[in-house]
Amino acid sequence: WTDSASHIGAGQDKNARLYSDKDNVETERDLSGGWYDAGDYNKYTNWHAYYLVALLHAYAENPEVWTDDFNIPESGNGIPDIIDEIKWGFDWLKKMQNDNGSVLSILGLSHTNASNQHASPPSTATGASYYGPASTSATLTSAGAFALGSKILASVGNEELDTYAADLKTRGEKAWDWAIANPAVIFRNNEG
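Treat the numbers as computed from the prediction; the structure is a model and nothing was measured.

Quick word on empty space enclosed by the protein
Applying the stated criterion across every chain yields a total of 1 cavity of 30 Å³ or more. Here the largest cavity defines a volume of roughly 30 Å³. As for the largest cavity, its lining consists of His7, Asp13, Tyr36, Tyr41, Lys43, Leu107, Gly108, Leu109 and Ser129. No other element matches the 3 residues that strand β3 (residues 104-109) contributes to the lining of the largest cavity. Of the residues belonging to the lining of the largest cavity, the class tally is 4 nonpolar, 3 polar and 2 charged.

Right, dumping it as structure tokens:
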């Protein structure tokens, strides 16, 4: 079950490009981090936001049970490990947000040559990573996660997390404003 980092090679998550403009280096973005979805190497923004909300609720419902010794890389830093994991998730979601507040819909792999896309272990996959454009749905779910994250992280009592929480609040407000101004932006990842 041990593997090194995956999808960080050339043309992968650190250099992901817009799926509809794959040859344009100007669309490259570092979208590394986050969690894979459903046994494949896609990262859907909506689901990612839902995972964050679930983790945030788990912490908020009983913060005393979440200790700092779950054997993750951040264990022993004085912050409950679930909060460290939540921050890891938000670090990726923040990368998915555009300057105008909108949030990209997906980070995934091209299926034109599936043999190099999905490998076991994941670190051996060599296929390129691509992202889909922003959508209203991804932006709204992210706005909700940013808002709840801001509230919960500010309650932990850590100065660094207070600053992080303030940033999440700003991001949530920007996402909400963009979604309200753009209520019907749809991206269908199974078309084109």
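Focus: the sheet that holds strand β1 (residues 17-18)
In space, the 4 strands of this open sheet follow the order β1-β4-β3-β2, with mixed pairing throughout. Each edge of the open sheet carries a strand with a single partner, namely β1 and β2 (43-44).

Overview of the pattern of salt bridges
Per the stated rule, a full pass over the model turns up 6 salt bridges. Here Glu28 and Arg17 are joined by a salt bridge, their closest N and O atoms 2.9 Å apart. Here the residue Glu28 occupies a position in the loop between β1 and β2, and Arg17 occupies one in strand β1, the gap between them amounting to 11 residues. For the salt bridge of Lys95 with Asp30, the shortest nitrogen-to-oxygen distance reads 3.6 Å. Pair noted here: Lys95 is in helix α2 (residues 81-96) and Asp30 is in the loop between β1 and β2, with a separation of 65 residues, a long-range link. When salt bridges with common partners are traced through the structure, they connect Lys94, Asp167 and Arg171 into a single cluster.

Concerning the nonpolar core
Of all hydrophobic cores here, the largest spans 29 residues; its most connected members are Leu31, Ile83, Ile86, Phe90, Leu93, Tyr131 and Leu153. Secondary structure elements with two or more residues in this core: α1 (45-61), α2, β3, α3 (136-154) and α4 (159-181). The greatest single-element share of this core, amounting to 7 residues, is contributed by α2. Discounting residues that sit within four places of it in the chain, Leu153 has contacts with Ile83, Ile86, Leu161, Asp162, Tyr164, Ala165 and Leu168.

So, how was this worked out
- Residues numbered from 1 in each chain as written.
- Predicted model: local features only at pLDDT ≥ 70, side-chain atom pairs only at ≥ 80, totals over all residues.
- Heavy atoms only, no water.
- 1 Å grid on protein atoms, 1.4 Å probe; cavity = no way out; pocket = protein on both sides within 12 Å on 5 of 7 lines; lining within 4 Å.
- Points joined across faces, edges and corners; volume = space filled by probe spheres on them.
- Helix = DSSP H or I, 4+ residues; strand = E, 2+ residues; numbered from the N terminus.
- Nonpolar A, V, L, I, M, F, W, Y, C, P; charged D, E, K, R; others polar.
- Pairing = 2+ DSSP bridges.
- Salt bridge = Lys/Arg side-chain N within 4 Å of Asp/Glu carboxyl O.
- Core = buried A, V, L, I, M, F, W, Y, C linked by side-chain atoms within 4.5 Å.
- Buried < 20%, exposed > 50% of the residue type's maximum accessible area, 1.4 Å probe, protein only.
- Contact = heavy atoms within 4.5 Å.

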